[in-house]
Each structure stands twice: as C-alpha cells, then as structure tokens.
Amino acid sequence: MSITFVPLASDAPEAERLLAEYAAEIAAMYDGADLAAPGMPSGSPADFAPPGGTFLVGFRDGEAVCCGAVKGIGPEVGEIKRMYVVPDARRQGIARLLLAALEDAARSLGHGTVRMDTGSKHQHAVAFYEASGYRPIADYNQNPLATWFGEKVL
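Residues numbered from 1 in each chain as written. Predicted model: local features only at pLDDT ≥ 70, side-chain atom pairs only at ≥ 80, totals over all residues. Heavy atoms only, no water.

Q: Would you explain the overall build of the protein chain in this entry?
A: Tallying secondary structure elements over the protein chain gives three helices and seven strands in all. Oriented by its inertia axes, the alpha-carbon framework of the protein chain measures out at about 40 × 35 × 30 Å. Relative to its 154 residues, the protein chain shows a buried fraction of 45%. Sequence separation of at least 24 residues holds for 64% of the intrachain contacts in the protein chain that already meet a minimum separation of 6. (Helix = DSSP H or I, 4+ residues; strand = E, 2+ residues; numbered from the N terminus. Buried < 20%, exposed > 50% of the residue type's maximum accessible area, 1.4 Å probe, protein only. Contact = heavy atoms within 4.5 Å.)

Q: Help me out: how do you make sense of helix α2 (residues 94–108) in this one?
A: The α-helix advances 3.6 residues per turn, and as a result positions three or four apart in sequence lie on the same side. Here α2 contains 15 residues, and its C-alpha end-to-end distance of 21 Å stays within 8% of the 21 Å for a straight helix at 1.5 Å per residue. G110 occupies a position one or two residues after α2 and carries a positive phi of about 95°. (Expected span 1.5 Å × (residues − 1).)

Q: What's the story with the pairing of strand β3 (residues 63–74) in this structure? I'm lost.
A: For a regular strand, side-chain orientation follows a simple rule: the groups alternate between the two sheet faces. Judged from the seven bridges that link them, strand β2 (residues 54–60) and β3 form a sheet pairing that is antiparallel. When the bridges of β3 are listed, F55 appears paired with A69. Sheet analysis places β3 next to strand β4 (residues 77–85), joined by seven bridges and oriented antiparallel. Residue pairing across strands places K71 opposite E79, the latter belonging to β4. Hairpin connection from β3 to β4: two residues lie between these consecutive antiparallel strands, with E76 at a positive phi of about 60°. (Pairing = 2+ DSSP bridges.)

Q: When you look at the pattern of salt bridges in this model, what are you seeing that I'm missing?
A: Opposite charge on two side chains lets them pair, provided their charged atoms get close. Counted by the stated rule, this structure contains six salt bridges. The salt bridge involving E79 is made with K81; its shortest N-O contact spans 3.9 Å. The pair E79 / K81 is uniform in exposure class, with both members buried. (Salt bridge = Lys/Arg side-chain N within 4 Å of Asp/Glu carboxyl O.)

Q: Looking at this structure, I do not really get the packing of aromatic side chains. What am I missing?
A: Ring pairs (aromatic) are described by centroid distance and by the angle formed between their planes. As enumerated under the stated definition, the model contains six aromatic pairs in all. Here the aromatic rings of F48 and F55 are separated by 6.0 Å at their centres, their planes lie at 35°, and the arrangement is tilted. Taken as a pair, F48 and F55 share a single burial class, namely buried. Centre to centre, the rings of Y129 and Y134 are 6.1 Å apart; their planes meet at 65°, and the pair counts as edge-to-face. Y134 carries the same exposure label as Y129, and that label is buried. (Phe/Tyr/Trp six-rings, centres within 6.5 Å; stacked < 30°, edge-to-face > 60°.)

Q: Just to check I follow, could you spell out the environment of P87 for this structure?
A: Relative to the assigned elements, P87 resides in the loop between β4 and α2. Remark: the alpha-carbon pair of P87 and V65, spanning 22 residues in sequence, is separated by 8.8 Å.

Q: Help me understand the sheet that holds strand β5 (residues 113–119), please; the structure alone is not making it clear to me.
A: Pairing between the strands of a sheet is mediated by backbone hydrogen bonds and can be parallel or antiparallel. Spatial ordering of the open sheet is given by β1-β2-β3-β4-β5-β7-β6, a layout of seven strands whose pairing is mixed. Among the strands making up the open sheet, the edge pair consists of β1 (4–7) and β6 (135–136). Across four bridges, the pairing between β1 and β2 is antiparallel. Across the sheet, the residue bridging to P7 is L56, located in β2. The strands touched by helix α3 (residues 123–131) within the sheet are β4, β5, β6 and β7 (146–153), with β5 carrying the most contacts at an inclination of about 160°. (Axes fitted to C-alpha atoms, helices over the stretch in contact; angles between N-to-C directions.)

Q: In this structure, what is going on with the pairing of β2? I would like to understand it.
A: Within β2, six of the seven residues are buried, leaving the element largely enclosed by the surrounding structure. Hairpin remark: β2 followed by β3, antiparallel, with two residues in the connecting loop; positive phi at D61, about 50°.

See below:
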C-alpha cells in the first residue's frame, strides 16, 4: 500500500472535505459536539500552518483518504490534531502511516515532544496511541470532549 502525504492548507478543498467528515463523525459520536464551539481547543488554518504547524493529507491512488495536523503549543512541544481516516480505508494500516508522518513532520518543525487527546468513545484510539509509544499525562488543553491525554518524546 502506498500513501503519499502532502502538506496542504487545512482550508484546501481536499482538507476541508476530510475535516467536515471528521467533524460530522465527532458530532454523531458526542451528542452534537461542535469542534468550533467556544471552549474547544483551537484548530484553525493558522494553527496548522508553519512555522509551528502543518496539515497533512494522505492520498492513495490520487484519492484523499486521511488527514491530520500538527499544532505548536509550546517551546519544542507540538500537538497532533484531527487525525482522520475515511471509513472505507480503515483497518488497513493507514492510521499507523499517518501517525508516523505526523511525528516526522513534528520533528521537522522542531518539536521534540508531541501531545494528543481523545474522547471516551475512542478507546480503540487510546490502545493504538499507547501501542505507538504515547504515555498518559494530565489534561493539558481543557478539551471538554477529551478523557485521555497522551505524550510522546520523539
């Protein structure tokens, strides 16, 4: 399987489509949650742009099948955000490739540590992140949907 990861602005058409699917999935899982609502951690195009951030879209055979972002949150600390794989491409190892690409991008941006969070309805994600070397940490971003917070030294 070959996935090509391309840095795009998060408001580029392919990115917007994937982010809209991601937001709809989160809303369905978490009782209508709105990722852009007050009190939610910021996820704007500026957050996912250099010099501290990036937004990656993964393409397979010319089709956008996944996305994710790195956001700078402190000196040498980045946050992985908006990891999403389209339903038809799940359980094929794409999330693992995406996470590795995001970690590589974080390193290239000067982040020696990355953090992330996920909610209670994503226990499969917690297991995946912990198997990928993330260790539980205290709440670092006050995300009202998150119940698990993780960190990895790159």
